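# Working through the structure, step by step
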Amino acid sequence: MINKDQSLSVELISVTKRYGNVVAVDSINLTIASGEFFSFLGPSGCGKTTTLRMIAGLERPDVGKVRINGELVNDLPPYERNVSTVFQRLALFPHMTVAENIAFGLKIQRQSRNAIEAKTKKILDLVHLSGYESRYPEQLSGGQQQRVALARSLILEPEVLLLDEPLAALDRKLRKEMQIELRRIQQEVGITFIYVTHDQKEALSMSDRISVMHQGKIIQSGSPQEIYEHPKTPFVADFLGASNFLSGLLVKSGNGFGLQMADGLLIHIESRGLGASDLNTNKMITLRPEAIEISLQKMPLGAKNCFAGVVVNKVYLGDSTEFEVLLNQNERLKVYVDGHRKEAQLSIAADVFVHWDDAVCNLIRSD
């Protein structure tokens, strides 16, 4: 949630974009605070890049308003919006050096030679490329080329920097390094970054806030922790990582509520957001695999949810192990265990107990 004292950087008001009969962006409303690292997250074709292009001025909304720093920009071309964009395809000039690539925009603006040299040196320091100014793009690694593209945009001192999946072509290790670098640079320059990605780990690790998009709509917006731990729909829960989905009838259980499963299991859940009118209605919860404990012994008295089961599948993931546990001959739960724990050595067909707190049961609505 945006603090009322923060100034708004970007506002989208009932923005819609169609391509023929296809609604690419469907009446979205959004505010992004000045200085935020904000991410649009979603699968291919969900409308996130189209939304970014409308902020950039590369597409015009059919309906709605786009405001940047309070100014209506629907009719302004990209070069009058004081935004800059970094694309997945970097489009560096191969015949220009690093310094020449970075300074290109300033030369177009006809800034003085001294100003260009001073700004180029400053931005090279910022992106940790001092000493590389005379090299050509082909002499750089993929990560270094990304830094050049970033520097070329930042040197223009935009109010908003737009990034359209800029790390998608990098290998996993380099992507991780660049995620850290992007976050560092954003915090140092202090401007608004709006980032588009389909990678949930990337969005979770870098963003102040995230909007999850699906079929042209924003399904949920919030902090990474809020989105991950309290998804509002099955789509958000599933897209943000592995999740167990459990459905049942909401019943009274002691001083709280429980989910009565069709196979007889009673799962205790927190009463947050529930009332008497919800009783005897079908509800669904999500339960993250890492929130479940697994052991060979039953938990002591006081454990909210504890059930006997049997391991029916096991997948080694390196730093963790994924177990599939069968409960009551019907319900199957995914459980993640850190690789260094002794429970990671459990074998298939082992009789186990799984347990979790009622607070990690997240109530969701149907999509």
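Just above sits the structure.
This section reports on the structure supplied with the text. Predicted, not measured: the structure shown is a model, and the values here were computed from it. (Residues numbered from 1 in each chain as written. Predicted model: local features only at pLDDT ≥ 70, side-chain atom pairs only at ≥ 80, totals over all residues. Heavy atoms only, no water.)

### Details of the overall build of the protein
Counted only if it meets this: Helical segments are the DSSP runs of H or I of at least four residues, strand segments are the runs of E of at least two, and each set is numbered from the N terminus. Per-residue accessibility, obtained with a 1.4 Å probe over protein chains only, is compared with the maximum for each type, and a residue is labelled buried under 20%, exposed over 50%, and partly exposed between these values. In this analysis, two residues are considered to be in contact whenever any of their non-hydrogen atoms come within 4.5 Å of each other. Computed with the Shrake-Rupley method and a 1.4 Å probe, the accessible areas treat only the protein chains shown as cover for residues. Charged residues are defined here as Lys and Arg on the positive side and Asp and Glu on the negative side; His and the ends of the chain fall outside this count. The atom standing in for a charge is NZ when the residue is Lys, CZ when it is Arg, CG when it is Asp and CD when it is Glu.
On a plain count of helices and strands, the protein comes out with eight helices and 20 strands. Here the C-alpha coordinates of the protein stretch approximately 75 × 45 × 40 Å along the principal axes. Taken over 367 residues, the protein has a buried fraction of 48%. Of all intrachain contacts in the protein linking residues separated by at least 6 positions in sequence, the fraction that spans at least 24 positions is 66%. In the form shown here, the protein has an accessible surface area of approximately 18,400 Å², with 49% of it arising from carbon and sulfur atoms. Charged side chains of the protein number 41 positive and 43 negative; the gap between the two group centres comes to 3 Å.

### What to know about the pattern of salt bridges
It is possible for side chains bearing opposite charge to pair when their charged atoms get close. Operational definition: By salt bridge we mean one thing: a side-chain nitrogen of Lys or Arg within 4 Å of a carboxyl oxygen of Asp or Glu.
Evaluation of the coordinates by the stated rule reveals 18 salt bridges. D199 is the salt-bridge partner of R175, the closest N and O atoms lying 3.5 Å from each other. Pair noted here: R175 is in helix α5 (residues 172–189) and D199 is in the loop between β8 (192–197) and α6 (200–206), with a separation of 24 residues, a long-range link. The residue E202 makes a salt bridge to R175 at a minimum N-O spacing of 2.8 Å. With E202 in helix α6 and R175 in helix α5, this residue pair connects regions lying 27 residues apart in the sequence.

### A few points about the sheet that holds strand β1 (residues 8–19)
Quick note on the threshold: Any two strands between which DSSP finds at least two bridges are classified as paired. In this description, a line fitted to the C-alpha atoms serves as the axis of each element, helices being fitted only across the stretch in contact, and the angle between N-to-C directions of two axes falls anywhere from 0 to 180 degrees.
The four strands are arranged β2-β1-β4-β5 in an open sheet whose pairing can be described as antiparallel. Every interior strand has two partners, whereas the edge strands, β2 (22–33) and β5 (71–72), have only one. Of the pairings in the sheet, the one linking β1 to strand β4 (residues 63–68) comprises five bridges and is antiparallel in character. Each bridged residue has a counterpart across the sheet, and for V10 the counterpart in β4 is I68. Along the sheet, helix α1 (residues 48–56) makes contact with β1, β2 and β4, crossing β1 at roughly 120°.

### Observations concerning the side chain of S211
Rules: Here a polar contact means two N or O atoms within 3.5 Å. Within protein one must be a hydrogen donor candidate and the other an acceptor candidate, and residues neighboring in sequence count only if both atoms are side-chain atoms.
As for its placement among the helices and strands, S211 is situated in strand β9 (residues 209–214). The class for S211 is buried, based on a relative accessible area of 0%. Within the structure, S211 has its side chain in polar contact with the side chain of S221 (distance 2.5 Å). Residues within four places of S211 in sequence aside, it is in contact with L30, F38, S39, F40, L41, I218, Q220 and S221.

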